[in-house]
Amino acid sequence: PEGDYEKGKKVFKQRCLQCHVVDSNATKTGPTLNGLIGRTSGTVPGFDYSAANKSKGVVWTRETLFEYLLNPKKYIPGTKMVFAGLKKVDERADLIKYIEVESAK
Ligand code: HEM
């Protein structure tokens with residue numbers, strides 16, 4: 001599904017914003033998600049990634065994020081991101097739509 005930007009904005013605020021920003025290069029608990037689409041995993045300069053995230057070697061796209069966000073610990077065993085995942089397809093589609101737009105600004 002294509003995803004709804006406004007709904008995705010709410011998901012981001014509720015589930016991601018405590019650890020990530022998307023609109024600047026700020027580091028919180030997690031690395032910035034600005035510029036995420038097309039970026040190789042584990043490559044934000046200066047962020048102290050786990051070995052697992054650093055060595056995953058995946059390019060973040062709509063498709064890879066869709067799978068990662070379903071179950072982060074399954075996709076990257078050993079990740080230090082404490083997040084259970086988003087089981088609902090629509091929720092992930094909406095969130096990724098929002099990230100696609102905001103991370104490209
Ligand atoms: C890593 C997205 C929620 C903390 C990542 C990465 C992505 C991501 C794509 C990999 C970044 C990269 O390879 O450069 C998201 C999204 C979230 C979310 C979309 C909401 C649905 C959270 C939450 C926390 C968190 C709630 C904190 C409790 C982290 C940390 C890492 C990370 C610490 C680095 C993991 C490591 O080095 O092993 N996140 N995240 N994230 N995230 Fe999240």
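Right, let's walk through the structure included here. Every value quoted in this text rests on a predicted model; they were computed, and no experiment measured them.

A short note on the coordination of the iron atom of the ligand
Here is step 1 of the chain: Each protein donor to the iron atom of the ligand is listed here as His20 (NE2) and Met81 (SD); together their distances run 2.0 to 2.1 Å.
Here is step 2 of the chain: For the iron atom of the ligand, the six donor atoms in the first shell make angles of 87 to 178° at the metal, so the coordination geometry reads as octahedral. Of the two residues, His20 sits in the loop between α1 (5–15) and α2 (51–54) while Met81 sits in the loop between α4 (72–75) and α5 (89–103), which places them 61 residues apart along the sequence. The burial state of His20 is the same as that of Met81; both residues are buried.

So, the pattern of salt bridges
When charged atoms on two side chains of opposite charge get close, those side chains can pair.
Here is step 1 of the chain: Within this structure, the stated rule accounts for three salt bridges.
Here is step 2 of the chain: Between Lys97 and Glu2 there is a salt bridge, with its nearest N and O atoms 2.7 Å apart. One end of the pair, Lys97, is in helix α5; the other, Glu2, is in the segment before α1, and 95 residues separate them in sequence.
Here is step 3 of the chain: Notably, a salt bridge pairs Lys105 with Glu102, separated by 2.9 Å at the nearest N-O pair.
Here is step 4 of the chain: You can call Glu102 buried: its relative accessible area is 10%.

Quick look at the packing of helix α3 (residues 62–70) against α5
Here is step 1 of the chain: For the pair α3 and α5, the least separation of the axes is 10 Å and the interaxial angle reads 130°. In terms of orientation, α3 and α5 fall into the oblique class. With respect to the hand of their crossing, α3 and α5 are arranged in right-handed fashion. Only Val89, Arg92, Ala93, Leu95, Ile96, Lys97 and Glu100 of α5 make contact with α3, whose side of the interface consists of Arg62, Leu65, Phe66, Leu69 and Leu70.
Here is step 2 of the chain: A breakdown of the residues in the contact of α3 with α5 according to their chemical character gives eight nonpolar, no polar and four charged.

The rules behind each value
- Residues numbered from 1 in each chain as written.
- Predicted model: local features only at pLDDT ≥ 70, side-chain atom pairs only at ≥ 80, totals over all residues.
- Heavy atoms only, no water.
- Donors = N, O, S within 2.8 Å, 3.2 Å for Na, K, Ca; no water.
- Tetrahedral: all angles 85-135°; square planar, octahedral: opposite > 155°, others 65-115°.
- Helix = DSSP H or I, 4+ residues; strand = E, 2+ residues; numbered from the N terminus.
- Buried < 20%, exposed > 50% of the residue type's maximum accessible area, 1.4 Å probe, protein only.
- Salt bridge = Lys/Arg side-chain N within 4 Å of Asp/Glu carboxyl O.
- Axes fitted to C-alpha atoms, helices over the stretch in contact; angles between N-to-C directions.
- Parallel < 35°, antiparallel > 145°, perpendicular 65-115°, else oblique.
- Left-handed = near helix turned anticlockwise from the far one by under 90°.
- Contact = heavy atoms within 4.5 Å.
- Nonpolar A, V, L, I, M, F, W, Y, C, P; charged D, E, K, R; others polar.

Take it as geometry only, folks, not as evidence of what the structure does.
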